[in-house]
Amino acid sequence: MSGEDRQIYTQAIFDVHREPRRRRDGGGVVTEPAREIPVLDRVDVLVVGGGPAGTAAATAAARIGARTMLVERYNHLGGLATGGLVIWIDRMTDWDGNLVLRGYCEEVLDRLPPDAILGPDRDLWGSRDERHVEYWANRFSAHHRIVTWAPMIDPERLKIAADDLAREAGVDIVLHAWATGPIVEDGRVRGVIMQSKQGRHAVLGTMVVDTTGDGDIFVGSGERADGDIQDGSIHHTMNTAWLFGGLDVPRWLEFKMTRKEAFSEFTGRARERFNQFSLPMPAWRDDVVVFMGPRMSGFSALDLEDLNQVEHLSRQRMQDLLAFYREYAPGFEEAWIMLTGPQIGVRHSRRMRGLATMTGPDWKAGRRHADEIGVSPSLAPKYDPVSIPYRALVARGAANLLAAGRHLSTDAQTHTFMREIPQCWVTGQAAGAAAALAADAGTTAAEVDVRALQTALLRQGAYLRPSESS
């Protein structure tokens, strides 16, 4: 991350003084009577969680021919990319402008109509021309003084695209149902129990893919997880994002780019008033911006009280910032609250300890894994694109369990970019394809033929490279 990029992100981090924790202790316990749970369905591949990783996993599995069910607790697919308003799709190109995050990534974005996606033209990817760099840096699509493909998207259109791709592939989508825990028997995750307005049901699957984001299924099945973070990193922070509408974004950008002294006074006033600094990100159209902060440090995504406080504090900050921007920011005079994210913005909670762990020393040395199932852009031009090993998706214990998305097996440093939306699409697609192959062959996740998996992914448009050992 460049000094400029680091400033943009770290100045939006702030520690907040917690409100007094509510004392919730009713005392004692209650006993839930034993009961029989009806089995709703039996499938080849059961995908739990309909975020970026889950939608890609289910679509990939169904395309291979597996009978696939996708269970999602909200009323839409897309997870943080849609419900969380993470509408900035982070870098998908390497530092030479080559598109390396492909397959489902490329396909779902290609489904968006022209008025639902905004980013630099393909012939600018990799450009170091300062005119283009300055413009696209202010739209968060140029980093390290290089233009990248990191578009802004319309979250409602992405919901539709994800749903269409899954249904066209033959995925059985179950919305409004929360998987409350796994069913574990004889070293396998036989399925999950899910709760909905219709009551409690079981869904059984030959193979199970955990794409909950927090590892709810793999932790419930007994798999071990890591939760360490890098000190001072934004990647453990939380907040609820929001959109402001009614703006004149070109006027705001003109102020930011050409009136340097006035912009510096503006940011200084913001820091004095709020003890933190949150810049808006221009969205997919020129009358909307997204605030993906202020990012709140010191809260846990696994703690009910913390989740409630972050929601409350985010909306307080939203109102304060709306008033401030209306008063002092050109282009914001008529701004209004368009939407707050129905899903809280969680960046990190748990990471599964898989058969392999992606580590900083590995990708900094440019290691290519023989079981590569995808490639991620690196954090800086001095590093090669990052090889993603299949084994980082495979559980150590449960024989039929895979985990994809932000809770795959990485160290804390590698998690900072592997949690991003495009990387979740890539690991989800690989997990879904692997699950379908295992279900068809009657093997465990660890026994999947890696060459067959790579071939299946290439047929679905993924980008892979030969390793030194292959």
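Here the structure is shown first, and the text comes after it.
Residues numbered from 1 in each chain as written. Predicted model: local features only at pLDDT ≥ 70, side-chain atom pairs only at ≥ 80, totals over all residues. Heavy atoms only, no water.

**Topic: the nonpolar core**
At step 1: One finds Ile87, Leu109, Tyr390, Leu402 and Trp425 to be the most contacted residues of the largest nonpolar core, which totals 87 residues.
At step 2: At 12 residues, the largest contribution of residues to this core is made by helix α12 (residues 421–441).
At step 3: Counting 24 residues, the second largest nonpolar core, distinct from the first, contains Phe244, Leu253, Leu279 and Phe291. (Core = buried A, V, L, I, M, F, W, Y, C linked by side-chain atoms within 4.5 Å. Buried < 20%, exposed > 50% of the residue type's maximum accessible area, 1.4 Å probe, protein only. Helix = DSSP H or I, 4+ residues; strand = E, 2+ residues; numbered from the N terminus.)

**Comments concerning helix α7 (residues 249–258)**
At step 1: Within the span of α7, buried status applies to Val249, Trp252, Leu253, Phe255, Lys256 and Met257.
At step 2: Buried residues along α7 sit in contact with α4 (130–137), α8 (260–274), β15 (281–282), β16 (288–291) and α9 (304–328).
At step 3: With a side-chain oxygen lying 3.2 Å from the backbone nitrogen of Arg251, the N-terminal cap of α7 falls on Asp248. (Contact = heavy atoms within 4.5 Å. Polar contact = N/O pair within 3.5 Å; in protein donor to acceptor, adjacent residues only side chain to side chain.)

**Here we look at the packing of aromatic side chains**
At step 1: By the definition in use, this model includes 24 aromatic pairs.
At step 2: With a centroid separation of 6.0 Å and 45° between ring planes, the pair formed by Trp252 and Phe255 is classed as tilted. Linking Trp252 with Phe255, this pair stays in helix α7, spanning 3 residues, or about one helical turn. Each member of the pair, Trp252 together with Phe255, is buried.
At step 3: Judged by centre distance (5.4 Å) and plane angle (80°), the ring pair of Phe291 and Tyr325 falls under edge-to-face. Here Phe291 is found in strand β16, whereas its partner Tyr325 is found in helix α9, with 34 residues between them in sequence.
At step 4: Assessed through its relative accessible area of 0%, Phe291 is described here as buried.
At step 5: Classification of Tyr325 as buried rests on a relative accessible area of 2%. (Phe/Tyr/Trp six-rings, centres within 6.5 Å; stacked < 30°, edge-to-face > 60°.)

**Notes on the pairing of strand β11 (residues 199–210)**
At step 1: Of all 12 residues in β11, 9 are buried, a share of seventy percent or more.
At step 2: Direction of pairing for strand β10 (residues 188–196) relative to β11: antiparallel, over a ladder of 6 bridges. From the neighbouring strand, Met194 faces β11, where its bridge partner is His201.
At step 3: Where β11 lies against strand β23 (residues 401–403), 3 bridges are found, and the strand directions are parallel. (Pairing = 2+ DSSP bridges.)

**Digging into the sheet that holds β15**
At step 1: Pairing within the open sheet is antiparallel, and its 4 strands lie in the order β15-β16-β14-β18. On the outer flanks of this sheet lie β15 and β18 (336–340), each paired with one strand and no other.
At step 2: Note: β15 against β16, 2 bridges, orientation antiparallel. Note on β16: the bridge partner recorded for Pro282 is Val289.

**So, the state of the cysteines**
At step 1: Scanning the entire structure with this criterion turns up 0 disulfides.
At step 2: With no disulfide of its own, Cys105 lies 9.6 Å from the sulfur of Cys424, the closest cysteine sulfur.
At step 3: Judged by its relative accessible area of 0%, Cys105 is buried.
At step 4: Looking at Cys424, the relative accessible area reads 6%, which means it is buried. (Disulfide = S-S within 2.5 Å.)

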